[in-house]
Amino acid sequence: MMKKIISVVMMLTLTINVNAFAAPSTNETSELEQVQSSKKALQIKANNFDIETDKVLNNIDINKAKMNDLAQDMRKTQTKLEIVEKNAIAQEDLFEKRARAMYINGADSYLKVILDSTSFSDVISRVDTLERIIEHDKNLIAKIEKQRNSIIKHKDRSE
């Protein structure tokens, strides 16, 4: 009887072991294939994300370089603007001094210069000189106004 029990136990053990080593079922195989295909798809997506990330980082680097160039251009432009402002202030000071001198001397000074002439050619020469001075003053005024407008426009654009 003991032999029968041992044989039944051995038979059961062998049956269980044979089932364990048997080929997996088609259900398990299809699940395994699905998992493997999902794994490959995820790896492809991960690689695509890496490529996209690299592109974005490259674009960021390019934009940083452009921003640095623009900042440098802004500094250069600001320096030029400061130089132009200093020149404009100097020209305005010069014009103010000339206007003050003309005011102090009055309009009679032009007439006095002409009347102090000793000859007709001297009169013509003095009138020509006065015309040049007046034209120079007009040009100076126009230049100062142009510089002021240019500075104002440039400041408005940079703000």
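Residues numbered from 1 in each chain as written. Predicted model: local features only at pLDDT ≥ 70, side-chain atom pairs only at ≥ 80, totals over all residues. Heavy atoms only, no water.

Colleague: Hey, could you go over the overall build of the protein for me, with residue numbers and the actual values?
Modeller: If you tally the helices and strands in the protein, you get four helices and zero strands. Start at the N end of the protein and walk to the C end: the helices and strands fall as α-α-α-α. Of the contacts made within the protein by residues no fewer than 6 positions apart, 67% connect residues no fewer than 24 positions apart. A total accessible area of about 14,000 Å² is found for the protein, and carbon and sulfur atoms account for 61% of it. (Helix = DSSP H or I, 4+ residues; strand = E, 2+ residues; numbered from the N terminus. Contact = heavy atoms within 4.5 Å. Areas by Shrake-Rupley, 256 points an atom, 1.4 Å probe, with all protein chains shown as cover.)

Colleague: Please provide a residue-by-residue account of a nonpolar patch on the surface, values included.
Modeller: Residues Val-56, Leu-57 and Ile-60 make up a contiguous nonpolar surface patch of roughly 240 Å² in combined accessible area. Its place among the elements puts Val-56 in helix α2 (residues 26–105). Exposure remark for Val-56: the relative accessible area of 45% places this residue in the partly exposed category. (Patch = residues over 30% accessible without salt bridge, like charges linked within 9 Å, V, L, I, M, F, W, Y side chains within 5 Å. Salt bridge = Lys/Arg side-chain N within 4 Å of Asp/Glu carboxyl O. Buried < 20%, exposed > 50% of the residue type's maximum accessible area, 1.4 Å probe, protein only.)

Colleague: Tell me about the pattern of salt bridges, and please be specific about residues and values.
Modeller: Inspection of every chain in the model, using the stated rule, returns four salt bridges. Between Arg-148 and Glu-92 there is a salt bridge; the shortest N-O distance is 2.8 Å. Within this pair, whereas Arg-148 is found in helix α4 (residues 120–158), its partner Glu-92 is found in helix α2, the two being separated by 56 residues in sequence. The class of Arg-148 is partly exposed, set by a relative accessible area of 45%. Across the pair Asp-122 and Arg-126 runs a salt bridge, and its minimum N-O distance is 3.3 Å.

Colleague: Describe the side chain of Gln-147, and please don't skip the residues or the numbers.
Modeller: By the secondary structure assignment, Gln-147 is in helix α4. Classification of Gln-147 by relative accessible area gives buried; the value is 16%. Sequence-distant contacts of Gln-147, that is, excluding residues within four places in its chain, are made with Ala-88 and Gln-91.

Colleague: Quick one: what's the story with the side chain of Asp-137, residue by residue and with numbers?
Modeller: For Asp-137, the location among the structural elements is in helix α4. Contacts of Asp-137, omitting those with residues within four sequence positions, involve Phe-95, Arg-98, Met-102 and Tyr-110.

Colleague: Describe the confidence of the model for the protein, with residues and values.
Modeller: Across the protein, the average pLDDT comes to 82, with 87% of residues at or above 70. Predicted confidence in the protein is weakest over helix α1 (residues 2–21), with a mean pLDDT of 65, and strongest over α2, with 88. (pLDDT = per-residue confidence, 0-100.)

Colleague: Go over α2 with me, naming the residues and quoting the values.
Modeller: Compared with an ideal rise of 1.5 Å per residue, which puts 80 residues at 118 Å, α2 spans 116 Å between its outermost C-alpha atoms and is within 8% of the ideal. Residues of α2 that are buried include every one of Leu-81, Glu-85, Ala-88, Gln-91 and Glu-92, and no others. (Expected span 1.5 Å × (residues − 1).)

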